[in-house]
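Descriptive analysis of the structure
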Amino acid sequence: MRPIVAVAGAGPVGLMLAGELSEAGVRTVVLEQRGEPRTTSPGMAINPTVVELLTQRGVMEALRGEGMELPQAFFAHLPLDPARLPEQRAYNFMVAQTRLEHRLEERAVEAGADIRRGHRITGVTQDDESGGVRVRVRADGAEQTLHCRYLVGCDGEASTVREAAGIAFPGRETPFYGLVGDFDITDELFGRLGAHQYADGLFTVAPTSPSTLRVTVGEFGVRPPDPDAPATVEELRRLARRITGDDITLDKPHWLDRWFNRARQADGYRSGSVFLAGDAAHIQFPLGGLALSTGIEDAVNLGWKLAADMRGRAPAGLLDTYESERRPVGARTCSVTGAQAALMQPGDRAAPVRELLRELIEYDDVNAHLVRTVGGLDSRYPLGPAGEDGENGENGENGENGENGENGENGGPRAHALTGQRPGDTPLRTADGQETSLARLLLPGHGVLLALTGAASESADVGGWRDRVDVVVAEPTERIGARAVLLRPDGRVAWAADGGDADSDHAGLRAALERWFGPAAG
């Protein structure tokens, strides 16, 4: 029987990962301790990065009718304008987490994933001899042991997998009294639409669907009377009255929960055959969908690498790049959300800084920087061949923050400015006149060599990788600043060339193919 990858947790991150693995032909089992799908929707937004990733996987088409596009962005509740970006990117999308999970589960199950609800992990033991993992699971009053090649903990902040793997989860918690819930639209709530700062805290009302609104209230510097008690609508009314000074009519919520000002990150994202993703690896102040979106990108990054390993096609060290690429992004997310929380402090403490930032946002460069930051668009992986990255920053903003030094550490040529970035979806016309786009090319989950020459010229260079890399020849476009690009399955540019030096381009392409897709077949 084929080896298994076990995923702990059937939240959006675990289900996204299960879909990635299953579509790649990997036998995947999802272990979820809840007996039924979630009914609460703590997440309400996915940022442009995840909109683009879900478009690349064919999921966004189904979600379009279940949410709404939001051509706005915010930094600490200060409005930004994504339409002023110099490049075209997706907008934020408002959708209830329950609907997102439903669509991700549909995709995973259709691809062959085995979703096991009511299965609680009680123990994890790594087998040093086989290199696999033994997972003890309790279901229906009985215990069983699941033998798997890899185990991925997508089981949230209180991760059983992380604890069993002995991975520390350091961080901080700042006193904060927060309540959040979804309600049917009323004239009163609709009239309060928006994010509002008050002397002691915040009160926001935002759409989560065409018929529901998300009400969020938070008081800084105060701990809830009982953080473990179930939240009630009466408690929400009292807290909203204390913050706003108004009695707000709130009928029966669809769901209600607490939220906190916590920031933690795992000391490592991997221990042997055990990996962490999503909230099991990082948590942060919940603003703008960054937590949910960062976790989903974790899943996409890890999914294709685990699949390559399970098929015996992974080059040496490929699985190690999951942590080296994603952990800096998790740290960046904690930092960005922490900065926003600091700017939302009550009273006059942050007011002068907020006013100055409001002025700076009028500058296009500042607006663009912050839109990319809160949209997850500013991360750039150091993907140039070993020794060629120079001063490439871990999170260079579209190639602007990591200057790629003139030469790499070993004296090699610098990587192309596109390397490590994930371009937005771009319309393309193939050499035979067919209309397509980057998202469509990435739909099968393969690598893509895109030759923007209008005539076949690069095909021979991937002969030994045709089982892993699709070759597409298309007409040149100014929206992609290169003559040829090699895209990994997660949409990141692994190599790009302008066509100035054929020998160097061929050598660079081959090195990138070997580094990210393994040796050529045969």
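Our subject is the structure listed above.
Here goes a summary of the coordinates provided. This one's a predicted model, so the numbers in the text were calculated from it and none came from an experiment.

1. Things to note about the packing of helix α1 (residues 12-23) against helix α4 (residues 97-111)
At a closest axis distance of 8 Å, the pairing of α1 and α4 adopts a crossing angle of 20 degrees. As judged from the angle between their axes, α1 and α4 are roughly parallel. In the packing of α1 onto α4, the handedness of the crossing is left-handed. Where α1 abuts α4, its residues P12, L15, M16, A18, G19, E20, S22 and E23 lie against Q97, L100, E101, L104, E105, R107, A108 and A111. Residues belonging to the contact of α1 with α4 are distributed by class as follows: eight nonpolar, three polar and five charged.

2. Here's the deal with the packing of aromatic side chains
Under the defined criterion, the tally for this structure stands at nine aromatic pairs. Here the aromatic rings of F176 and F285 are separated by 5.5 Å at their centres, their planes lie at 90 degrees, and the arrangement is edge-to-face. Residue F176 is located in strand β13 (residues 171-184), and its partner F285 is located in the loop between β20 (282-283) and α8 (290-310); the two are separated by 109 residues in the primary sequence. For F176, a relative accessible area of 3% puts it in the buried group.

3. Some remarks on the pattern of salt bridges
Within this structure, the stated rule accounts for 37 salt bridges. For R117, the salt bridge is made with E105, and the minimal N-O distance between the two is 2.5 Å. Taken as a pair, R117 in strand β8 (residues 114-117) and E105 in helix α4 lie far apart in primary sequence, twelve residues in all.

4. Here's the deal with helix α9 (residues 320-343)
Look at α9: 36 Å from first C-alpha to last across 24 residues, which is about the 34 Å you get at 1.5 Å a residue. Maximal helix bending in α9 amounts to about 25 degrees, located at R326; proline P328 follows within four positions.

5. Quick word on the packing of α8 against α9
Axis separation between α8 and α9 bottoms out at 10 Å; the angle between their running directions is 175 degrees. The orientation of α8 with respect to α9, classified from their angle, is roughly antiparallel. Facing α8, whose interface residues are L290, T294, E297, D298, N301, L302 and K305, α9 presents T321, Y322, E325, R326, V329, T333, V336, T337 and Q340. Among the residues making up the contact of α8 with α9, the classes are represented as five nonpolar, six polar and five charged.

6. Concerning the pairing of strand β25 (residues 484-487)
With burial as the criterion, each face of β25 is covered, one bearing A484 and L486 and the other bearing V485 and L487. Alignment of strand β23 (residues 447-451) against β25, held across four bridges, turns out to be antiparallel. Its bridge partner lying in β25, V448 is registered against L487. Note: β25 against strand β26 (residues 493-497), four bridges, orientation antiparallel. Across the sheet, the residue bridging to L487 is V493, located in β26. Linking two consecutive strands that pair antiparallel, namely β25 and β26, is a turn of five residues; a positive phi of about 85 degrees is found at G491 within it.

7. As for a nonpolar patch on the surface
Among the surface-exposed residues, I185, F190 and L193 lie close enough to one another that they form a single nonpolar patch of about 260 Å² accessible area. The topology assignment puts F190 in helix α6 (residues 187-190).

8. A few points about the nonpolar core
Within the largest apolar cluster, 65 residues are counted, with the highest numbers of intra-cluster contacts made by I46, L54, V135, L151, V152 and L306. In terms of residue count, the dominant contributor to this core is α8 (eight residues). Every residue in contact with V135, bar those within four places of it in the chain, is listed here: L31, I121, G123, Q144, T145, L146, C148 and L151.

9. Some thoughts on the sheet that holds β26
As summarised here, the arrangement of the four strands in space is β24-β23-β25-β26, forming an open sheet in which the pairing is mixed. Of all strands in the sheet, those bounded by a partner on one side alone are β24 (469-473) and β26. Within the sheet, the average angular offset between the axes of one strand and its neighbour, ignoring direction, is 10 degrees. Strand direction decides the pairing type here: β23 and β24, joined by five bridges, are parallel. Note that in β24 the partner of V448 across the bridge is D470. Across the sheet, helix α13 (residues 502-517) lies against β23, β24, β25 and β26, angled at about 175 degrees from β26, the strand it touches most.

10. Here we look at the pairing of strand β7 (residues 92-95)
It is a general feature of regular strands that their side chains alternate between the two faces of the sheet. Going residue by residue along β7, you find N92 and M94 tucked away on one face and F93 and V95 tucked away on the opposite face as well. Summarising the sheet, strand β3 (residues 45-46) and β7 pair through two bridges and their orientation is antiparallel. Bridging across to β7, A45 finds its partner in M94.

11. Quick look at helix α2 (residues 48-56)
Burial runs high along α2: eight of the nine residues are buried. For α2, every residue scored as buried is listed here: P48, T49, V50, V51, E52, L53, L54 and Q56. Of the residues one or two after α2, G58 is the one with positive phi, at around 75 degrees.

12. Some thoughts on the side chain of T373
Mapped onto the secondary structure, T373 falls in helix α11 (residues 364-374). What T373 contacts, discounting residues up to four positions off in sequence, is L290, R332, V336 and D378.

13. Quick look at unusual backbone geometry
The backbone of A76 shows a phi angle near 55 degrees, a positive value even though the residue is not glycine. Here A76 shows up in the loop between β5 (73-75) and β6 (78-80). Unlike most non-glycine residues, D140 shows phi in positive territory, near 55 degrees. Tracing the sequence through the fold places D140 in the loop between β10 (133-139) and β11 (142-148). We classify D140 as exposed; its relative accessible area is 80%.

14. So, the environment of M44
Looking at the element boundaries, M44 is found in the loop between β2 (27-32) and β3. Separated by 177 residues in sequence, M44 and G221 have C-alpha atoms that sit 25 Å apart. If we ignore the near neighbours within four places in the chain, the residues touching M44 are F93, M94, V95, A206, P207, T208 and R214.

What counts and what doesn't
- Residues numbered from 1 in each chain as written.
- Predicted model: local features only at pLDDT ≥ 70, side-chain atom pairs only at ≥ 80, totals over all residues.
- Heavy atoms only, no water.
- Axes fitted to C-alpha atoms, helices over the stretch in contact; angles between N-to-C directions.
- Helix = DSSP H or I, 4+ residues; strand = E, 2+ residues; numbered from the N terminus.
- Parallel < 35°, antiparallel > 145°, perpendicular 65-115°, else oblique.
- Left-handed = near helix turned anticlockwise from the far one by under 90°.
- Contact = heavy atoms within 4.5 Å.
- Nonpolar A, V, L, I, M, F, W, Y, C, P; charged D, E, K, R; others polar.
- Phe/Tyr/Trp six-rings, centres within 6.5 Å; stacked < 30°, edge-to-face > 60°.
- Buried < 20%, exposed > 50% of the residue type's maximum accessible area, 1.4 Å probe, protein only.
- Salt bridge = Lys/Arg side-chain N within 4 Å of Asp/Glu carboxyl O.
- Expected span 1.5 Å × (residues − 1).
- Bend = angle between axes of the 7 residues up to and from the residue.
- Pairing = 2+ DSSP bridges.
- Patch = residues over 30% accessible without salt bridge, like charges linked within 9 Å, V, L, I, M, F, W, Y side chains within 5 Å.
- Areas by Shrake-Rupley, 256 points an atom, 1.4 Å probe, with all protein chains shown as cover.
- Core = buried A, V, L, I, M, F, W, Y, C linked by side-chain atoms within 4.5 Å.

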